[in-house]
Amino acid sequence: MLQANQSTCALFVGTWVRDDTYPMYQSPECPIIDSEFNCQMNGRPDSDYLKYRWQPLNCQLPRFNGLEFLVKMKGKTVMFVGDSLGLNQWESLICMIHAAAPRTRTHMTRGDPLSTFKFLVSLRLDYGISVSFYRAPYLVDIDVVHGKRVLKLEDISGNGKSWLNADVLSFNTGHWWSHEGSLQGWDYMESMGTYYQDMDRLVALEKGLRTWANWVDNNIDRSKTRVFFQSISPTHYNPSEWSAGSTSSTAKNCYGETAPMSGTTYPGAYPDQMRVVDAVIRDMHSPAYLLDITMLSELRKDGHPSIYSGDLNPKQKANPDRSADCSHWCLPGLPDTWNQLLYTALFY
């Protein structure tokens, strides 16, 4: 098997294989996991979901080496920008690095929109690495006008000024563009000076993503900054997608799922949003590196917090059909593989 060389290795096509050397860290040892992702602490009874490794079809993925990451990224800033899936990945990367250098002096500031975790000094080695998360669920700006939240489909400068000095930028967006009702994050959308109460959500996503792509092309010096875009993270609320032909399944969502899908493809629907993402990135002057985690994550119906999220009260936990979280991911868990792929793309 070749070690992953990106010109010859299809990193994102493969299968999940059992590997008892995983996970790469244990949740009690990591100082940063939010309760909503901390499935073991919240009583998840099974642990096999922690024991899988992503195996690309024609090469070997390098194992994440946290000390190597600290050395190679010395003095640099890694920034995740996006929604709570970006938060999921940010916390995962911190846990993975921390597990390799647990005695490193660290410093954390948590805020909204910006949170930063710094790895400072270990055994007289001065690392000075910042791993940040900037919350911007749509990437583009939201302004409050006369008490109403306005999603500005052509304006990103308010958020963007905070991203200029990062050495590695990893962006994600997607889920919030389809939220409706009380979950919707805006009251109006504004495009080209016109206010809309609503529009086709894929059209809105494309407008917002083209604003982001133009901003990256015009503001980021690609000789100094690596730019990644994380593809759409799938949800698992519809068991008919993965239990095709089975009429005996009583499951309503991912609750009770304990193993990944076998094989290399997911029988369910591929997210429509990915067509938009692909088209926008292709049109960039200097395309972002697409961390194409959608299919490999589709196979992980077992990786969500389900009812083992600290955000749920006992009444909600007793009603998994309505309350299970099948969109975020447990930590340790799947986002560790996203970061293993990010690590591979950065260094191999």
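Refer to the preceding data block for the structure.
Residue positions are counted from 1 within each chain, in the order its sequence is given. Per-residue local features are limited, in this predicted model, to residues with pLDDT of at least 70; the limit for side-chain atom pairs, both in listing and counting, is 80 or more; totals at the level of whole chains, interfaces and linings are taken over all residues. Neither water nor hydrogens contribute to the side-chain values; these are computed over all heavy atoms in the structure.

Asker: Before we go on, may I ask you to explain the sheet that holds strand β5 (residues 77-82) in this structure?
Answerer: Neighbouring strands of a sheet are bound in pairs by backbone hydrogen bonds; such pairs are parallel or else antiparallel. When DSSP finds two or more bridges between a pair of strands, those strands are recorded as paired. Labels follow the DSSP assignment, with helices taken as runs of H or I lasting at least four residues and strands as runs of E lasting at least two, numbered in each case from the N terminus. Pairing in this open sheet of seven strands is mixed, and the strands run β6-β7-β8-β5-β11-β14-β15 from one edge to the other. Both edges of this open sheet fall to β6 (106-109) and β15 (289-291), since each of them pairs with a single strand only. Direction aside, neighbouring strands of the sheet carry axes that sit 15 degrees apart on average. Of the strand pairs in this sheet, strand β11 (residues 168-171) and strand β14 (residues 226-230) are connected by four bridges, and their pairing is parallel. Each bridged residue has a counterpart across the sheet, and for F171 the counterpart in β14 is F229. By definition, residues are in contact when any of their heavy atoms lie within 4.5 Å. In this analysis an axis means a line fitted to C-alpha atoms, helices contributing only their contacting stretch, and an angle means the value between N-to-C directions, from 0 to 180 degrees. Running at roughly 170 degrees to β14, helix α4 (residues 201-219) makes contact with β11 and β14 of the sheet. Helix-sheet contacts for helix α9 (residues 334-347) involve β5, β11, β14 and β15, and the interaxial angle to β14 is about 150 degrees.

Asker: So what exactly am I meant to see when it comes to the state of the cysteines here?
Answerer: Two cysteines, two sulfur atoms, one covalent bond between them: this is a disulfide. Any pair of cysteine sulfurs within 2.5 Å is marked as a disulfide. Under the counting rule described, the total for this entry stands at four disulfides. Between the sulfur atoms of C9 and its disulfide mate C59 the distance is 1.7 Å. Separated by 50 residues along the polypeptide, C9 in the loop between β1 (2-3) and β2 (14-18) and C59 in strand β4 (residues 59-60) bring together distant segments of the chain. Across the disulfide, C39 is cross-linked to C330 (sulfur-sulfur distance 2.0 Å). Of note, the bridge from C39 to C330 carries an S-S torsion of about -95 degrees and is left-handed in sense. In this pair, C39 is assigned in the loop between β2 and β3 (52-56) and C330 in the loop between α8 (320-323) and α9, connecting sequence segments 291 residues apart. For every residue, the accessible area obtained with a 1.4 Å probe (protein chains only) is divided by the maximum for its type, and the residue is called buried under 20%, exposed over 50%, and partly exposed between those limits. Note on C39: relative accessible area 0%, which makes it buried.

Asker: Would you mind going over the sheet that holds strand β10 (residues 148-152) with me for this structure?
Answerer: Ordered by their spatial adjacency, four strands build an open sheet running β9-β10-β12-β13, and the pairing between neighbours is mixed. Where the open sheet ends on each side, the last strands, each with one partner, are β9 (142-145) and β13 (194-196). Strand-to-strand twist in this sheet, taken as the mean axis angle between neighbours without regard to direction, amounts to 35 degrees. With three bridges joining them, β10 and strand β12 (residues 188-191) adopt parallel strand pairing. Counted as the bridge partner of L151 is M189 from β12.

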